[in-house]
Each structure stands twice: as C-alpha cells, then as structure tokens.
Amino acid sequence: MSGSQGVTAFCENPTEVFLDVSKLLITYADNILRNPNEDKYRSIRIGNPTFSTKLLPVKGAVECLFEMGFEEVGVGDIQAETHLVFPKSASVERLRQVRETIAAERDQRLGTSKAASNPQSARVPPNPAPPPPLPSSSSAGPASATAVPTPAPASIPFTSSSVTFFRTVQSNFQHVMIYESPELQQKALNCIPHELLRSRAKERLKQAKDADPACSLDEEDMLVLDLLQWFKGDFFSWVDNLPCSRCRGTTQPSGSLTPSSDDLRWDAGRVENHYCHTCQLSTRFPRYNNPEKLLETRRGRCGEWANCFTLLCRALGLDARYIWDSTDHVWTEVYSHSQHRWLHCDPCENTCDKPLLYEVGWGKKLSYILAFSKDQVVDVTWRYSCKHPEVLSRRTQVQETWLLHTINTLNATRQQSLGEERKKQLLQRLLVELVEFISPKTPASGELGGRVSGSLAWRAARGETGMSDSKGNAQECVFIPSESEKQNKFFHICYNMTKDCYFRVSNGQETIPGWQKGAWRTENMFRKEEHDWQMVYLARTEGSPLGKISWKFNCAPVGMKIKSTSVRAFSQTFHSGSVRWSLRSAETTIEFPGDGELHSSSSLSGGKELIVEAELTGGEGEVSWQHAQLFRQSLKDTEKVLFEMLVEMEES
C-alpha cells in the first residue's frame, strides 16, 4: 500500500510481535466495519492496558491507527480521558485498505497461501468478534516483561510524535540494562589494559597535584581521561566507508542490504551496502547495537562508539550513563565523585568536560538531550546549551508536561526495587543537576572547534564542521623570530602529522597543537584519519576542485633579512591528482617537488618574508579529493616529520 509509512514500519517487527499486535489492529478495524453506527467501537481509550502495554511499545502500530483514520480527542478537557476516535467524517474505505494490507501480511506470515490468493479472504467476517480482552499483569505475555505505565496522564495530548518519542526513550532506557550484565562486564574488562590505564592515571594525578597542590581531583577522574585516550587511539576505529573486501579499494554507500539472522542476533536491523564500482562487489556493514559484538568488531560511527565506551566505563566500575541527542549524536557521561557532578565524555572526539562543544563548536541546533542509566532517565539538555531560549523554542515534538510526566513515571517504575539510600543519592544528584541547569554556561576555548570524527562530507551534511573547516582560519599565523631566534639568526619549525602538532625547534621546542594553528592561510583543507588503513594526511575537502594551504615567515619586524632557506615537504598523488609546491617572497617564486627531501635555496636571500604554499587539484570521480594528499603517514609512526621550514637570517 503506497504511502503507508506506519504499515511499512509495523511490518518490520519480528513475526511473533507482528502476529500478536496485528490481530489487535484488525479487531479494532473489524468492529467499526461491522458496527458502523456503534460509537463504542469508534473509540480507543489511551489508558486501556491493552493499548498501553501491547500496542503502544510496538513500532508502527499506533501509526497504523492514524493511517486508518483515527484521531486524538479529549485534549482540551482537563477532566476528560484522551481517546483515539474514528470520526464520522473519516473514510471507511481508507480504514478497509489499511486493514486488508495488514491482514494480507498476516496471512502470508501464517503461511495461509489459500487466504492470500482468495480475494474474499480479506473481507470482514460475517459474525462480529468480541472486543479483545484486557490483559492482566500476569497474562499479558511477552509484552508485560517490558511494559511501562501509560506515558502521560489523560489530560496531556497524545500524538503520533509523542508515540515515536516515547518509544525512543523506552528503548534507550531498556538498552542500558545490558551494560549491567556481570558476564558482559567481565568480557569487556578482558579487553581493557586496566592495570596500565590505572598506572597512567596515578602518574597523571601526581603531575596534577605537583602542579597544583590544592587539586581535589582523584584517580578515577584521571582514569576517565586515559580510558578516552586509549579507546580512540588504540581500541576503536571510525568507519566512513569500508574498504572493498576484494581489492581493498574505496567503496561508496549504496543503500541497505537485508540483515542476516546473525546480524539480527546482534541487534543489527540495518546493514549498509558499501559498493565497489571497480569490482562491482558489495561489502556489508551491519550497524550492530549489541555492545558485546562491538567488543569484537571495534568499529563504527558515534552510535557504536558511545555504546561500547559506556559498557567499558561500567566494566571499570565507573558510574556512567548513555547520552542520546535528538539531533543525531550520542556520547557518555561519567559521574565524578570528587567533583560531585557528571562529566561529558565523547569517545569519538577524545573529549572530556566540554559540554558546549556541540552547540558552539559544531553549530548544532539542540532540542532534546536525555541521559540513561540503569536507575534513571534525566533531561540534561540544559547542560549542553548556552542558548536556553533558542533551545526551548525548538522543543516542539512533545509537550514539556508530557515529557516530565513520562520521565517521572519511568523512573518511579525502574526505582521500585532500589533501597532508600540509593534513592536518596539519586535525588541528591538530580537536585545538583537542576541547580546547574538554571544558569547557562560560557563557552571555553576547547569548545569552539568543529567536529573531528568522520569524513568532512559526513560532518558537513550534519552541519557539524564549525566555522573554520572550509573557510580558513579565523586568524592567520605569521611566524616572527623570537629574541633567541634573532640572536641565533636561525628559525626552524616542523610539523608532525600523526601528533597534529608543530614544533618550533629553534624556540625551545615550542609546541603549537593543530595543523590550522600554524598555517597562514587555508582554503578547502581538512585533516583525514583513515582508521581502516591506519593512515593520516591533509587533503582538500570533498567536492572542492582546489585546496590550498600556506605558511608564512616574516623577519622584518626584528630588523633581519633572509640569507638562505631550506624546506622539506612530502606529498602523494593518485590517478590524475596533483600537488604544486612553491616557495616565494615578494619578488621571487620557486617551485620544488614534495618528495620528502630537504630543498635549499639562496634565491630568496635579501628578502624579508617567506611563504611556502601547496595547491591541491585533480583526481578522478567522487573521491577526487583523496587523490592529492599532504604528509600521508601511518598513525603508528609518531616520530616522522614530513614538513619543515628552516631559515638562516642576517641583519638587514
């Protein structure tokens, strides 16, 4: 049935669930078709246990009712219960079409080919069927195990969007319970070099206390930092597109593939098709949602990263919770006992305690951010925003009263078995959070940058590049000799691609983190990490025909002039990709190869400034940007230097 998104979604449920709930939907429809003048069959009470425990939690089920023609009523009357009603003006034919589509799918799953081939089989039976019985808590079957109370009081509007939102909340709240499995935690612990991490944490804490004797942090705080660093650097890898399983070449996303039984076993309802046009071969990328499987695959995007990282935190005994952002990102929070607050931890970015990163750095338009732990759901949106009025104006998917009641109800249900001391602890933490949320924060310097995980195309499509990825630096860096460099008449700077850091050797090994921070000008450039291949390089941004980056040295302000220059640069091209290197002053321009050798010249002697520039062009197809690369090297090669500038000076 074209256009029936609800029916399509409903048919994606497992057969056992589909058969159980489809019977209920067909009964609702049949009661109206057989008794068109009976108002009692046109109304479904939201508080009905059958509706709230069997039908509501199932994907697409309520949407099917809306597609049949049911509408919500009773919203305006505070005393009235909310119902879904099939109005007199609704199309009975539309109701019949949706009903028959569901019935046909049901017949097919039951294996009744005779019914499927007989046009009469989908018609309404001649004898009325009684309304479905209301299940008790002991007879509700599988649904009762995960059933929750009605998500909102009858006086609060109940819409298709609130149904979708409730299912998301319910699903996340149920999912985090998997982290509490002792067997799974032990399996996760076996993957962590926990003794090494704890040793590093102790050393980090010692250094912190040496630097600041008043430091009140503890070893657990430092362990979080070391776990983040190890997880991103050594354990997990990011996936844009998997390499071709045959030729190991580049693949392109090409829709979805049907999940296998093994995929479904590990909760991978979606399998991406990464297609190689050279081999005409599909490489499967199941999006596993079971963290046990992720301990083996150790790859994915933010969903897999946060899922696995949260498990590892729990395995180490850290009080952690899973954070869901409705604008399509997830991460982790870890409770700091020394600071008595929750710390934002994003494993994709190796970032801790920078909650405004998404709104200020990535440019996200936030609306709903919820935290899920084994004991509690908390709306933590306000921790991640310094623009509270703007965020509030975007929170239109559900009513605030509905959300508050839903969260309170879920928490009350989950905490029934907790001891009074634990309940008191959770309440105290919540009160501290609520006080924190009242006053918007001021962005710190580390929260101003764009996203670093994922390809630039992926980040740009999500609006998470920040302001400087493609438009150049906010500030142009010009190297001017320091007093010691002036005295020694020598300037030397190099860049380490793997560490993403400049080292100003001639000025006491001064470090400048970030490839953009030492560049004079950039145009359409970004730093690319290939975790599948364990390589890193600079390239032009996807879709850009040209990329440029340059570095500038000026000794005029200190009364010096250039005597000679030496430059080492390494670039690599593929297919028709091209990199043009040039060395220039105000009067002279010299081209040189990016072959990794040191190229010296006195042709610029007498000048006051020096500019080294790389221009990237060419390449073939959709990945042409990848066919011209600067400083490509292994992520494991942490010491190699593939770019450096040396300038010998003399007094002017």
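Please refer to the structure placed before this passage.
Let me begin by describing the structure that accompanies this report. Please read all numbers here as calculations on a predicted model, not as lab measurements.

**Re the side chain of His274**
Consideration 1: Relative to the elements of secondary structure, His274 occurs in strand S6 (residues 271-276).
Consideration 2: By relative accessible area, which is 0% here, His274 ends up buried.
Consideration 3: In this structure the side chain of His274 is engaged in a polar contact, spanning 2.9 Å, whose partner is the backbone nitrogen of Leu242.
Consideration 4: Beyond its immediate stretch of four places on either side in the chain, His274 contacts Val239, Asp240, Asn241, Leu242, Thr251, Gln252, Leu281, Ser282, Thr283, Phe285 and Arg301.

**Quick look at the pairing of strand S22 (residues 547-554)**
Consideration 1: Of all eight residues making up S22, seven are buried, and the element is well covered by its neighbours.
Consideration 2: Where strand S15 (residues 478-479) and S22 come together, two bridges link them in parallel fashion. Opposite Val478, over in S22, you have Lys552 as the bridge partner.
Consideration 3: With three bridges connecting them, strand S19 (residues 521-523) and S22 associate as antiparallel partners. Pairing of Thr522 across the sheet is with Ile549, part of S22.
Consideration 4: Pairing geometry for S22 and strand S27 (residues 609-617), over eight bridges, is antiparallel. Looking across to S27, one finds that Lys552 is bridged to Ile611.

**So, the side chain of Gln415**
Consideration 1: Note on placement: Gln415 falls in the loop between helix H17 (400-414) and helix H18 (420-438).
Consideration 2: Here Asp375 takes part through its backbone oxygen, which lies 3.0 Å from a polar atom of the side chain of Gln415.
Consideration 3: Apart from the residues lying within four places of it in its own chain, the contact partners of Gln415 are Asp375, Gln376, Lys423 and Leu426.

**What to know about the packing of aromatic side chains**
Consideration 1: In the structure shown here, the tally under the stated rule is 31 aromatic pairs.
Consideration 2: Note on Tyr335 and Trp342: the rings are 5.2 Å apart at their centroids and 70 degrees apart in plane angle, and the pair reads as edge-to-face. Both residues of the pair, Tyr335 and Trp342, belong to the buried class.
Consideration 3: Their ring planes at 35 degrees and their centres at 6.2 Å tell us that Tyr358 and Tyr384 sit as a pair that is tilted. Placement of Tyr358 in helix H15 (residues 357-361) and of Tyr384 in the loop between strand S14 (377-379) and helix H16 (388-394) is noted, with a sequence separation of 26 residues between them.
Consideration 4: Since its relative accessible area comes to 0%, Tyr384 is described here as buried.
Consideration 5: An aromatic cluster is built from Trp230, Phe231, Phe235, Phe236, Trp238, Trp305 and Phe309, whose rings are joined through pairwise contacts.
Consideration 6: Across from the ring centre of Tyr288, 5.5 Å away, lies the NZ or CZ of Lys293, which sits over that ring.
Consideration 7: Over the ring of Phe173 we find Arg414; its NZ or CZ atom is 3.7 Å from the centre of that ring.

**Topic: the packing of helix H4 (residues 61-68) against helix H5 (residues 92-110)**
In a pair of packed helices, the angle between the axes and the distance between the axes together describe the arrangement.
Consideration 1: Running from N to C, H4 and H5 point in directions that differ by 145 degrees, and their axes come no closer than 8 Å. For the pair H4 and H5, contact is made by Cys64, Glu67 and Met68 and by Arg94, Leu95, Val98 and Ile102, respectively.
Consideration 2: When the residues that make up the contact of H4 with H5 are grouped by side-chain class, the tally is five nonpolar, no polar and two charged.

**Examining the environment of Asn48**
Consideration 1: Mapping Asn48 onto the fold places it in the loop between strand S1 (43-45) and helix H3 (49-55).
Consideration 2: The buried category is assigned to Asn48, whose relative accessible area is 14%.

**Comments concerning empty space enclosed by the protein**
In this approach a probe as big as a water molecule rolls over the atoms, and the regions it shows empty are the leftover space.
Consideration 1: Counted under the stated rule, the structure contains five cavities of 30 Å³ or more.
Consideration 2: Contributing to the lining of the largest cavity are Asp319, Arg321, Trp342, Ser373, Gln376, Arg422, Leu426 and Arg429.
Consideration 3: Each residue belonging to the lining of the largest cavity can be placed in one class, and the counts come to two nonpolar, two polar and four charged.

**Quick notes on the sheet that holds strand S5 (residues 252-257)**
Consideration 1: The strand order across the open sheet formed by three strands is S5-S6-S7, and the pairing between neighbours is antiparallel. Because the sheet does not close on itself, it has two edges, and the strands there are S5 and strand S7 (281-286). Geometrically, the sheet is characterised by an average inter-axis angle of 35 degrees between neighbouring strands, direction not taken into account.
Consideration 2: Note: S6 against S7, six bridges, orientation antiparallel. Each bridged residue has a counterpart across the sheet, and for Val271 the counterpart in S7 is Pro286.

**A word on the sheet that holds strand S10 (residues 329-336)**
Consideration 1: With respect to topology, six strands assemble into an open sheet ordered S12-S11-S10-S9-S13-S14, the strand pairing being antiparallel. One side of each edge strand has no neighbouring strand; the edge strands of this open sheet are strand S12 (351-352) and S14.
Consideration 2: Against the sheet, helix H14 (residues 302-315) engages strand S9 (320-325), S10 and strand S11 (341-346), with an angle of about 20 degrees to S10.

**Structural notes on unusual backbone geometry**
Comment: phi is negative for the bulk of residues other than glycine, and the bulk of peptide bonds are trans.
Consideration 1: We note that Gln280 has phi near 55 degrees; this positive angle belongs to a residue other than glycine.
Consideration 2: Secondary-structure assignment places Gln280 in the loop between S6 and S7.
Consideration 3: The exposed category is assigned to Gln280, whose relative accessible area is 62%.
Consideration 4: The phi angle at Asn524 is positive, at roughly 60 degrees, despite the residue not being glycine.
Consideration 5: Here Asn524 is to be found in the loop between S19 and strand S20 (525-530).

**Brief notes about a nonpolar patch on the surface**
Consideration 1: Nonpolar side chains collect at one region of the surface, where Leu427, Leu431 and Leu434 lie side by side and expose about 280 Å² of accessible area between them.
Consideration 2: Residue placement: Leu431 occurs in helix H18.

**What about H5?**
Counting along an α-helix, one turn takes 3.6 residues, and residues three or four places apart therefore face a common direction.
Consideration 1: Here H5 is 19 residues long and its end C-alpha atoms lie 26 Å apart, about the 27 Å a rise of 1.5 Å per residue gives.
Consideration 2: Every buried residue of H5 is accounted for by Leu95, Val98, Arg99, Ile102, Ala103, Arg106 and Asp107.
Consideration 3: Two or three places before Glu93, at the start of H5, stands the capping residue Ser91, its side-chain oxygen 3.4 Å from that residue's backbone nitrogen.
Consideration 4: In the stretch just after H5, Gly111 is the one whose phi turns positive, near 80 degrees.

About the cut-offs
Residues numbered from 1 in each chain as written. Predicted model: local features only at pLDDT ≥ 70, side-chain atom pairs only at ≥ 80, totals over all residues. Heavy atoms only, no water. Helix = DSSP H or I, 4+ residues; strand = E, 2+ residues; numbered from the N terminus. Buried < 20%, exposed > 50% of the residue type's maximum accessible area, 1.4 Å probe, protein only. Polar contact = N/O pair within 3.5 Å; in protein donor to acceptor, adjacent residues only side chain to side chain. Contact = heavy atoms within 4.5 Å. Pairing = 2+ DSSP bridges. Phe/Tyr/Trp six-rings, centres within 6.5 Å; stacked < 30°, edge-to-face > 60°. Lys NZ or Arg CZ within 6 Å of the ring centre and 35° of its normal. Axes fitted to C-alpha atoms, helices over the stretch in contact; angles between N-to-C directions. Nonpolar A, V, L, I, M, F, W, Y, C, P; charged D, E, K, R; others polar. 1 Å grid on protein atoms, 1.4 Å probe; cavity = no way out; pocket = protein on both sides within 12 Å on 5 of 7 lines; lining within 4 Å. Points joined across faces, edges and corners; volume = space filled by probe spheres on them. Patch = residues over 30% accessible without salt bridge, like charges linked within 9 Å, V, L, I, M, F, W, Y side chains within 5 Å. Areas by Shrake-Rupley, 256 points an atom, 1.4 Å probe, with all protein chains shown as cover. Salt bridge = Lys/Arg side-chain N within 4 Å of Asp/Glu carboxyl O. Expected span 1.5 Å × (residues − 1).

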